[in-house]
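Inside the fold
One-letter residues, chain by chain:
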Protein chains: 2
Amino acid sequence: MESDPSIRQAGALSGPCSRWPAEHGETIRQIIERAGNKWAVLVVSSLQGGPLRYTDLLHSIPGLSQRMLTHTLHQLRRDGLITRTAYPEVPPRVVYALTDLGTTLLIAITTLIDWAGTHHDEIQDNRTRFDTAEAIT
Amino acid sequence: MESDPSIRQAGALSGPCSRWPAEHGETIRQIIERAGNKWAVLVVSSLQGGPLRYTDLLHSIPGLSQRMLTHTLHQLRRDGLITRTAYPEVPPRVVYALTDLGTTLLIAITTLIDWAGTHHDEIQDNRTRFDTAEAIT
DNA sequence: CTGTATCCACGGCGATACTG
DNA sequence: CAGTATCGCCGTGGATACAG
């Protein structure tokens, strides 16, 4: 089993950052991190087109391991972003789908993806220039 | 469409996810991860109010170590999200500020933060319920 | 098919000490 | 003040094997 990242170093971030809504700083940070999690984002966006089965998800996301899929699904389910429906059949069939909440998150994430797409070239260019300038130094 | 070539590469994640604009998958993933990086988000949002010096940043973000601040500033600067201005004085004075690009990212990120703020309670509730149900099982 | 458990390598990150 | 360098812990996540 893997320890939940929410149990990280209690001492450090006890005080919420003053820039965000302070009351919920802790949870909000966790949510932001979830949204920044590669696998979580990929799973959610894979479910955009409709419900999918475990194996379908596994194969629709290149590089995703069973371990991480299971872990990610667990997290997302815990947050109420997706639902799990198991049919008592043989062989077993389990279907995952976005909840309404999950859908709204997807929309928010899409904003970011759009931003990334829009500024992709600019950033790529910045990096190249930065690295070049650094190499001279 | 069945894609089942030998997917055994580790870490690399060579194949972009089909759900996003494929051409830029690599970079976009990195950008998303940057946006999900705790320190990067905090630094950027700390600069929202205007330029700040190294030490100011260090003190305005609880839990942030010198190492991580330096590292994060380096990253953000490389992407062209912030600028660094050093004044040749004694003692040295260095000021960091958001670029226009950085400002647009902040706006995109703010969307996410707002989402997090809006659904904070709902998620908290979901988690509690999920953990409770699990404990019974 | 749908997971769960174990092993382990790699990297993130905090702590600390030192330089210009 | 504004970094850089080094060390060490431990979380992350891939590979693999096993179970329901």
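A brief look at the structure comes next. Nothing here was measured: the structure is a model prediction, and the numbers come from that model.

Quick look at the overall build of chain A
What chain A contains, in helices and strands, is five helices and three strands. Secondary structure of chain A in N-to-C order comes out as α-α-β-α-α-β-β-α. Across chain A, the fraction of contacts at a sequence separation of at least 24, relative to all contacts at a separation of at least 6, is 43%. Of the roughly 7,200 Å² that chain A leaves accessible, carbon and sulfur atoms contribute 54%.

Re the packing of helix H2 (residues 38-46) of chain B against helix H4 (residues 66-78) of chain B
Residues and elements named next belong to chain B. Interhelical geometry of H2 versus H4 gives an angle of 75° and a closest axis separation of 10 Å. With respect to each other, H2 and H4 are oriented roughly perpendicular. The residues of H4 that touch H2, namely those facing Trp39, Ala40, Val43 and Val44, are Met68, Leu69, Thr72, Leu73 and Leu76. In terms of residue class, the contact of H2 with H4 is made up of eight nonpolar, one polar and no charged.

Looking at the pairing of strand S3 (residues 93-98) of chain B
Two faces belong to every sheet, and in a regular strand the side chains alternate between them. Residues and elements named next belong to chain B. Burial runs high along S3: five of the six residues are buried. Alignment of strand S1 (residues 52-53) against S3, held across two bridges, turns out to be antiparallel. When the sheet's bridge partners are listed, leucine 52 is paired in S3 with tyrosine 96. Here strand S2 (residues 82-87) runs beside S3; their pairing, made up of six bridges, is antiparallel.

Quick word on the relation of the copies chain A and chain B
Superposition record for chain A on chain B: RMSD 0.1 Å, screw rotation 180°, translation along axis 0.0 Å. In short, the pair behaves as if placed about a two-fold rotation axis. When C-alpha positions in chain A are compared against the rotation axis, the closest is assigned to Gly36(A), at 1.8 Å.

Overview of the interface of chain A and chain B
It is common to give the size of an interface as the accessible area lost on bringing the parts into contact. Facing the 54 residues of chain A at the interface are 56 residues of chain B. Note on chain A versus chain B: buried area summed over both sides is about 5,500 Å², and carbon and sulfur give 67% of it. Across the chain A-chain B interface, the total number found is four salt bridges. Arg78(B) is the salt-bridge partner of Asp131(A), the closest N and O atoms lying 2.8 Å from each other. Summed over the shared surface of chain A and chain B, the number is 14 residue pairs in polar contact (both at pLDDT 80 or more). Among the elements of the structure, helix H1 (25-36), helix H2 (38-46), helix H3 (54-60), helix H4 (66-78) and helix H5 (100-136) of chain A are those that each provide at least two residues to the side of chain A that touches chain B. Tallied by class, the residues present in the side of chain A that touches chain B amount to 22 nonpolar, 19 polar and 13 charged.

Concerning the pattern of salt bridges
Note that side chains of opposite charge can pair when their charged atoms are close. All told, the structure shown has ten salt bridges over all chains when counted by the stated rule. Its salt-bridge partner being Glu89(B), residue Arg93(B) comes within 3.3 Å of it at the nearest N-O pair. We classify Arg93(B) as partly exposed; its relative accessible area is 27%. For Glu89(B), a relative accessible area of 38% corresponds to the partly exposed category. If you follow the salt bridges from partner to partner, you end up with Arg34(A), Asp79(A) and Arg127(B) in one network.

What counts as what
Residues numbered from 1 in each chain as written. Chains lettered and ligands numbered in written order. Predicted model: local features only at pLDDT ≥ 70, side-chain atom pairs only at ≥ 80, totals over all residues. Heavy atoms only, no water. Helix = DSSP H or I, 4+ residues; strand = E, 2+ residues; numbered from the N terminus. Contact = heavy atoms within 4.5 Å. Areas by Shrake-Rupley, 256 points an atom, 1.4 Å probe, with all protein chains shown as cover. Axes fitted to C-alpha atoms, helices over the stretch in contact; angles between N-to-C directions. Parallel < 35°, antiparallel > 145°, perpendicular 65-115°, else oblique. Nonpolar A, V, L, I, M, F, W, Y, C, P; charged D, E, K, R; others polar. Buried < 20%, exposed > 50% of the residue type's maximum accessible area, 1.4 Å probe, protein only. Pairing = 2+ DSSP bridges. Least-squares fit on C-alpha atoms with pLDDT ≥ 70 in both. Buried area = accessible area lost by both parts, 1.4 Å probe. Salt bridge = Lys/Arg side-chain N within 4 Å of Asp/Glu carboxyl O. Polar contact = N/O pair within 3.5 Å; in protein donor to acceptor, adjacent residues only side chain to side chain.

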